Amino acid sequence: MDTDRTTGQRVFRRDPDLPTPEDIRERVLALEEAGEWIVQRVPQPYREVPTKYGWPKKVPLQHTWHHKSCGQCGHIPGYSTAIFWLHRKLGLDYDDPRDQTSCTGWNYYASATSNAAAQAAVAARNFAAAYATGYFPLIHCGTSYGHYKEVREELVKHGELRRQVREILAKLGKPLVMPEEIVHYSEWVYAVREEIAARRVYDCSEVVVTVHPACHYYKLVQGDAIYDPDIYGGQRTAVVTAVAKALGAQVRDYSTWFDCCGFGFRHILVQRDFTRSFAVSRKIETMIEEAKPDVVLTHDTGCVTTLDKSQFAAQVHKKKVGVPVMSEAQFAALAMGAHPYRVCQLHWHAADYRPLLEKMGIDWRERWREFEEDLERIQRGEKEYLTWEDVDAEVPARHFLPVS
Amino acid sequence: MPSDVVLVIGGGPAGLEAARGVADLGARVVLVEERDRLGGTPVFEQYAALTHGFQDAEEVMDRMVRAVVGHPGVEVRLRSKVVSCEGQVGRFRVGVQRLEDGAPATVEAGAIIVATGFQHFDPGRETQVYGYYEYPDVITLADAEAMLKAKRFVRPSTGLPPERVCFIQCVGSRDRQIGNEYCSKVCCGIASKQAIEIRQQVPQCKVYIFYIDMRMYGYWENEIYWPAQEQYKVNYIKGIATEIIRKGDKLLVRGEDTTLGRPLEVPMDVVILSVGMEPSKGTREVAKVLGLKQNKYGFIEVPHEGVDPVATSVPGIFVAGAAAGPKDLDDTLSMAGAAAMKAVAALRRAAAAGAAG
């Protein structure tokens, strides 16, 4: 343990010689050598990021196969659109596949039916689908990310399970493939945060942010999560917070940062009122009381949905709520000039986001007028739906330089 | 001609006792210590009272240091480290470098005793959320020990005496997730000892110990465990604390009371993490230089620990104390005595073989 001579604070420095838990990725590669499966390598260019136990993790910058999230697409579609928009504006190639299935997170965490082979086969089918395209899986949903890491461990440690899954995949004409790394989209945002910050067109310096780190990101299989010595002294996961800081926003702490958002997977199904109460009284109200945030940033489907939409009912009970909640990808896109409705689709969010936009200097009234015009064009039959052409030309091109 | 010198590496309790033992048996000792004074972890970490017998740690260590420094058979080399080793039992040639100016020297030794000890687990590597690097009022056993020694046990954030203090046991020990599956043996005793000392120094303070199960070896049961509860009213709570957060000016400890089978959330002024033992940097470095096998945790491997607790993978090199794994002071000094006896025996066998040859 060291002490910072200026601040007197303790400073954590990792001793690389001390033993760490087993790095499952080594066994993934060993199984490839044994002929058990194909390991899909992280494509170049990638960035190495630091993780919980000090191991470097490769995060691909492009050529990524986007494993989308059921809840994002269904409830907060601006989440995934913002991720794609960031890729486009950074000039990074990606694939938005149409043959991706849901993961089995709901099944695994909630109803607990089905069996290990069926659940692992769903993950493996998606990995094989990505491998077939040559693009590398980038997982949008925190639950899918956590679940796939658990599936990876099960497959690594159980030869019989591998055999069963191989047989299932053989019926589909697919090989058993395991990615070299399992990568969450928020790790990609973390990896390109400086490029995002360099293209910021709105001032975020007056924006107060509270961060909710997603349980399924860093509490499930901790070794893969990003921990950066420069963020919280390497003692909390760095994703989201590092992005908000790079954008110049004020990140403030609150006492219940470690708590679940309330979603809890099983709770949202069987004790929905508990979920809503928890989200409001343990998270949102605490944040407001202790940090007075302009926006809550997080990085998972369930967290955005729960923290945002639980405020709706609470307003009826005159609770102290009313803080917008969005992903860091949406916030980063807004800061880079993304359209709040065409791209970030904030009209799907329950809590009032307009004060935040005004603080950032975004003319939401004008943007809303444009969006209503879009809808009228669709209504008149001039367009079937909005496309990238409708949003690509919004911000001056000088802001969009390819990542080197 | 075989050497009649035993090289002792490390000037803590194990090294001091081994050096004294070897010299008392009539052999010569060269004691190499990297720090600028003798005494080891009890001195440098400012231990207050020793867990067994509540003796003042400084007084005890002072006696041990004087027994060695004044001994005609012992040559002490401070601020020096072992950098190379060749040869075999009876004829080791060990490179010793002076840290100040890098001056090299060679020690010819017939046997070597490694007594390079342990270091406290760094809670920054913990997988639970204890906030040691975030909250000044979260401290370790070693931090608490220094305050108790100074007779000023306070909340670091305010400098005022605390009203509620808790210990969290098994931090960095018995933890499969971080790879330290072993029990560090001494933390339960030290936490109970410190709980008593806190109650003695700050009588109005309530003290709690959250534990998985208390491991009170031998006489610690009656010396520490029961007096802590019956005489000093320390509260032992069987449960796992999973996170510590700041709530106002207090720390909030969350976890599970496994006896009652329900979650717990209790405010505290000071939280003491009962950090376990890991091999010191010196132990890891010396093991490499001497070519000693290490176990998966980095401690020096003892091939037949049950029957030969001081042997290493290299004949003529012996280990004493926590360089071989978690040890209390009783075990450490017993090992040091055994290592001294084995090392001198190795010298004599080598000399006899040399004379016969």
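Here the structure is a predicted model, which means the values were calculated and not measured.

**Here's the deal with the domain arrangement of chain B**
Residues and elements named next belong to chain B.
Consideration 1: Taken domain by domain, chain B holds domain 1 (5-117 + 280-356) and domain 2 (121-276).
Consideration 2: Relative placement of domain 1 and domain 2: their C-alpha centres are 32 Å apart.
Consideration 3: Contacts between domain 1 and domain 2 engage 10 residues on the former and 16 residues on the latter.
Consideration 4: When its residues are assigned to classes, the side of domain 1 that touches domain 2 shows 5 nonpolar, 2 polar and 3 charged.

**As for the interface of chain B and chain A**
Consideration 1: Between chain B and chain A, the contact holds 20 residues from the first and 13 residues from the second.
Consideration 2: It is strand S12 (residues 235-247) of chain B that contributes the most residues to the side of chain B that touches chain A, 4 residues altogether.
Consideration 3: A per-class count over the side of chain B that touches chain A returns 7 nonpolar, 5 polar and 8 charged.

**With respect to the sheet that holds strand S10 (residues 208-212) of chain A**
Residue and element names in this part refer to chain A.
Consideration 1: Strands sit in the order S11-S10-S12-S13 across an open sheet of 4 strands; the sheet is parallel. Of all strands in the sheet, those with a lone pairing partner are strand S11 (250-251) and strand S13 (325-327), marking the two edges.
Consideration 2: Alignment of S10 against S11, held across 2 bridges, turns out to be parallel. Note on S11: the bridge partner recorded for Val208 is Gln250.
Consideration 3: Across the sheet, helix H14 (residues 301-316) lies against S10, strand S12 (295-298) and S13, angled at about 165 degrees from S13, the strand it touches most.

**Looking at helix H7 (residues 281-290) of chain B**
Consideration 1: Turning to H7 of chain B, its buried residues are Gly282, Thr283, Arg284, Val286, Ala287 and Leu290 of chain B.
Consideration 2: Backbone geometry just downstream of H7 of chain B places Gly291 of chain B in the positive-phi region, at approximately 70 degrees.

**Section: the pairing of strand S14 (residues 262-268) of chain B**
The side chains of a regular strand alternate between the sheet's two faces.
Residues and elements named next belong to chain B.
Consideration 1: Relative to S14, strand S13 (residues 250-257) runs antiparallel, the two being bridged by 7 bridges. In the sheet register, Leu252 faces S14, and the bridge partner there is Pro267.
Consideration 2: Linking S13 to S14, which pair antiparallel, is a turn of 4 residues; within it Gly261 sits at a positive phi near 70 degrees.

**So, the confidence of the model for chain A**
Consideration 1: Looking at chain A, pLDDT values average 92 and 95% of them are 70 or higher.
Consideration 2: pLDDT under 50 marks residues 397-401 of chain A. Its contacts with residues more than four places away, or in other chains, come to 7 contacts.

**Topic: the environment of Pro72 of chain B**
All names here are of chain B.
Consideration 1: Assignment of secondary structure puts Pro72 in the loop between helix H3 (57-69) and strand S3 (74-77).
Consideration 2: Note on Pro72: 7 C-beta atoms within 10 Å, which makes it exposed.
Consideration 3: As a C-alpha pair, Pro72 and Asp24 span 48 residues in sequence and 9.8 Å in three-dimensional space.

**Quick notes on the environment of Arg200 of chain A**
All names here are of chain A.
Consideration 1: By secondary structure assignment, the location of Arg200 is in the loop between helix H9 (193-198) and S10.
Consideration 2: Judged by C-beta crowding, with 17 C-beta atoms within 10 Å, Arg200 ranks as partly exposed.
Consideration 3: Once the C-alpha coordinates of Arg200 and Gly337 are considered, the two residues, 137 residues apart in sequence, prove to be 7.3 Å apart.
Consideration 4: Filtering out sequence-adjacent residues up to four positions away, Arg200 remains in contact with Leu247, Ala335 and Met336.

**What to know about the packing of helix H5 (residues 187-201) of chain B against helix H6 (residues 220-231) of chain B**
Residue and element names in this part refer to chain B.
Consideration 1: Between H5 and H6, the shortest axis-to-axis distance is 9 Å and the interhelical angle comes to 50 degrees. Regarding the angle of H5 to H6, the classification is oblique. Read as a crossing pair, H5 and H6 show a hand that is left-handed. Contact residues: Gly189, Ser192, Lys193, Ala195 and Ile196 in H5; Trp220, Ile224, Tyr225, Pro227 and Ala228 in H6.
Consideration 2: By residue class, the composition of the contact of H5 with H6 is 7 nonpolar, 2 polar and 1 charged.

**Here we look at the packing of helix H1 (residues 13-24) of chain B against helix H8 (residues 329-356) of chain B**
All names here are of chain B.
Consideration 1: Two numbers describe how H1 lies on H8: the axes approach to 8 Å, and their chain directions differ by 35 degrees. Remark: the crossing between H1 and H8 carries right-handed chirality. Residue-level contacts link Pro13, Ala14, Glu17, Ala18, Gly21 and Val22 of H1 to Leu329, Thr332, Leu333, Met335, Ala336, Gly337, Ala339, Ala340, Ala343 and Val344 of H8.
Consideration 2: For the contact of H1 with H8, the residue count by class is 12 nonpolar, 3 polar and 1 charged.

**Overview of the domain arrangement of chain A**
All names here are of chain A.
Consideration 1: What the domain assignment lists for chain A is domain 1 (24-185) and domain 2 (201-367).
Consideration 2: Using only C-alpha atoms to locate each centre, domain 1 and domain 2 end up separated by 25 Å.
Consideration 3: Contacts between the two partners involve 34 residues from domain 1, matched on the other side by 34 residues from domain 2.
Consideration 4: Here the element with the most residues in the side of domain 1 that touches domain 2 is helix H3 (residues 78-89); it accounts for 8 residues.

Cut-offs used in this document
- Residues numbered from 1 in each chain as written.
- Chains lettered and ligands numbered in written order.
- Predicted model: local features only at pLDDT ≥ 70, side-chain atom pairs only at ≥ 80, totals over all residues.
- Domains from an automatic or database assignment.
- Contact = placed C-beta atoms within 7 Å.
- Nonpolar A, V, L, I, M, F, W, Y, C, P; charged D, E, K, R; others polar.
- Helix = DSSP H or I, 4+ residues; strand = E, 2+ residues; numbered from the N terminus.
- Pairing = 2+ DSSP bridges.
- Axes fitted to C-alpha atoms, helices over the stretch in contact; angles between N-to-C directions.
- Buried ≥ 20, exposed ≤ 12 C-beta atoms within 10 Å, placed from the backbone.
- pLDDT = per-residue confidence, 0-100.
- Parallel < 35°, antiparallel > 145°, perpendicular 65-115°, else oblique.
- Left-handed = near helix turned anticlockwise from the far one by under 90°.

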